[in-house]
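Listed below are the residues making up each chain.
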Amino acid sequence: MPYPNFYRTLPDKAYKLIKEQHIMELKTPLCGLRREDFQKEVQGKEVDLFFLRNNGGMEVAVTNYGGSIVAIMVPDRDGNYANVIQGHDCIDDCIASPEPFLSTLVGRYGNRIARGKFQLNGKEYTLAVNNGPNHLHGGPTGFHARVWDAEQVNDQTVVLRYVSAYYQEGFPGELTMTVKYTLTDDDELVIDYSGSTNKRTIVNMTSHGFFSLAGIANPTPSAMDVICQINADFYLPIDETSIPTGEILKVEGTPFDFRTPKPVGQDIDADHEQIKNGAGYDHCYVLNKKEVGELSFAAKIVEPKSGRTMEVYTTEPGVQFYSDNWADGYKGQHGATFGRRSALCFEAQHFPDSPNHPYFPSVVLKPGEVYTQKTIYKFGVEN
């Protein structure tokens with residue numbers, strides 16, 4: 001059970017003693033996951049499971065294999081807790097997942113690069129092609145499939161570190177990356193990224209959380225009734241292989257207009273070329289920003305039956321909204337099954353295929369510079 005909030009009415013000393021006793025007695029995490037099921041040597045490193053808990057009773061579980069978030073426990077309007085992110089319950093299933101990017105970190109380059117090629121440093125670089133004719137999410141052995149060094153700083157923070165070798169998956173330069181997960185007492189999961197390189201390279205990190213605010217189950221309910229709002233006047237249309245055409249189009253008058261909240265399923269099967277190209281929503285939205293790099297509101301979803309909400313804030317110029325169009329009912333955590341369109345993804349990032357579109361915001365990182373990004377997923381409840 002979560003830490004009982006009513007104890008906060010007690011004097012500070014009594015509150016502290018009862019809280020410490022409660023934590024000592026809390027042997028089973030809310031999510032029901034066991035550390036030992038994630039403890040294994042992989043790639044010559046130790047994989048483990050790390051729990052973050054705040055003073056309100058919320059819990060997050062993260063593994064250092066791919067930085068995968070395997071549980072986010074939040075209450076509904078009646079106080080019932082459920083896991084609202086899709087994941088697995090052991091490390092072997094994480095490694096063998098039918099969805100390799102299931103709620104993982106993604107890098108070096110989130111999203112697609114056309115034909116797996118780009119030019120930098122006066123030469124052409126060739127990357128793995130793992131999504132039709134294109135490169136996707138850092139390649140088959142990208143950051144999602146790497147064991148990160150992990151340090152649990154305190155009950156609410158874990159820090160992951162990884163050094164990506166020169167030419168790993170074809171990318172130039174050695175990249176040193178740090179990602180910090182922090183669970184605040186305001187029920188925010190804050191993800192801070194920082195990185196540096198010894199040679200000009202490209203970087204576009206993101207977190208690929210598959211959010212199911214109704215709670216994962218067998219089967220996990222459809223997300224089509226979820227009310228969605230996206231703070232963007234423009235989006236990037238794509239071709240038949242999901243590569244941006246180079247245009248930046250208004251959402252107004254299209255199925256992509258989420259400026260006013262509406263159910264995700266309302267227009268998802270509209271007779272529209274872009275809907276067909278994405279098999280639903282799988283497009284990058286150009287977020288409304290007053291300043292480059294400002295931390296600002298990107299999106300919000302509300303699950304009407306449970307009342308659970310999630311708001312997204314980011315420093316990134318875009319967010320890839322993906323409506324989980326290709327899941328086939330594969331098995332996940334505790335017997336849950338993940339069917340088509342049972343999750344929603346809000347991948348805060350720079351634009352897809354940016355190295356091949358000079359007028360898109362730059363993704364080039366130079367020696368002496370620091371790559372930074374912050375994204376916040378804030379959870380709540382509406383009656």
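Data block above holds the structure.
First, a word on scope: everything that follows refers to the structure included in this document.

Conventions adopted
Residues numbered from 1 in each chain as written. Predicted model: local features only at pLDDT ≥ 70, side-chain atom pairs only at ≥ 80, totals over all residues. Heavy atoms only, no water. Buried < 20%, exposed > 50% of the residue type's maximum accessible area, 1.4 Å probe, protein only. Helix = DSSP H or I, 4+ residues; strand = E, 2+ residues; numbered from the N terminus. Pairing = 2+ DSSP bridges. Core = buried A, V, L, I, M, F, W, Y, C linked by side-chain atoms within 4.5 Å. Contact = heavy atoms within 4.5 Å. Lys, Arg positive; Asp, Glu negative; His and termini not counted. Salt bridge = Lys/Arg side-chain N within 4 Å of Asp/Glu carboxyl O. Polar contact = N/O pair within 3.5 Å; in protein donor to acceptor, adjacent residues only side chain to side chain. Axes fitted to C-alpha atoms, helices over the stretch in contact; angles between N-to-C directions.

**Considering the pairing of strand β25 (residues 318–322)**
Inference 1: Of all five residues making up β25, five are buried, and the element is well covered by its neighbours.
Inference 2: In β25, alternate side chains face the same way, and those of Gly318, Gln320 and Tyr322 on one face and Val319 and Phe321 on the other are all buried.
Inference 3: Alignment of strand β22 (residues 282–287) against β25, held across five bridges, turns out to be antiparallel. The partner of Cys284 across the bridge, within β25, is Gln320.

**Points about unusual backbone geometry**
Inference 1: Cis geometry marks the peptide bond from Gly107 to Arg108, where omega comes out at 0 degrees.
Inference 2: Its location among the elements puts Arg108 in the loop between β7 (105–106) and β8 (112–113).
Inference 3: At the junction of Asn218 and Pro219, the peptide bond is cis and its omega measures out at 0 degrees in the coordinates.
Inference 4: Here Pro219 shows up in the loop between β17 (206–207) and β18 (227–230).
Inference 5: Its identity is not glycine, yet Ser242 carries a phi of approximately 70 degrees, on the positive side.
Inference 6: Topologically, Ser242 is positioned in the loop between β19 (232–235) and β20 (249–250).

**As for the nonpolar core**
Inference 1: If you look at the biggest cluster of nonpolar residues, it comprises 57 residues, and the most contacted ones within it are Ile72, Tyr181, Ile230, Tyr285, Phe321, Phe346 and Phe379.
Inference 2: When residues in this core are grouped by element, the largest group, five residues, is from strand β14 (residues 175–183).
Inference 3: Setting aside its immediate chain neighbours within four residues, Phe321 contacts Cys228, Ile230, Phe258, Val264, Tyr281, Asp282, His283, Tyr285, Leu344, Cys345 and Phe346.
Inference 4: Core analysis: the second largest hydrophobic core is formed by 16 residues, Val47, Leu49, Tyr65 and Cys94 among them.

**Observations regarding the side chain of Arg308**
Inference 1: Considering the arrangement of structural elements, one finds Arg308 in strand β24 (residues 308–314).
Inference 2: No salt bridge forms around the buried Arg308; measuring N to O, its nearest opposite-charge neighbour Asp76 is 4.3 Å away.
Inference 3: Here the side chain of Arg308 touches Ala214 through a polar contact of 3.4 Å, landing on its backbone oxygen.

**Quick word on the sheet that holds strand β3 (residues 49–53)**
Inference 1: Read across the open sheet, the four strands follow the order β3-β4-β5-β6; overall the sheet is antiparallel. Because the sheet does not close on itself, it has two edges, and the strands there are β3 and β6 (81–83). Averaged over all adjacent pairs, the angle separating strand axes in this sheet is 15 degrees, with direction ignored.

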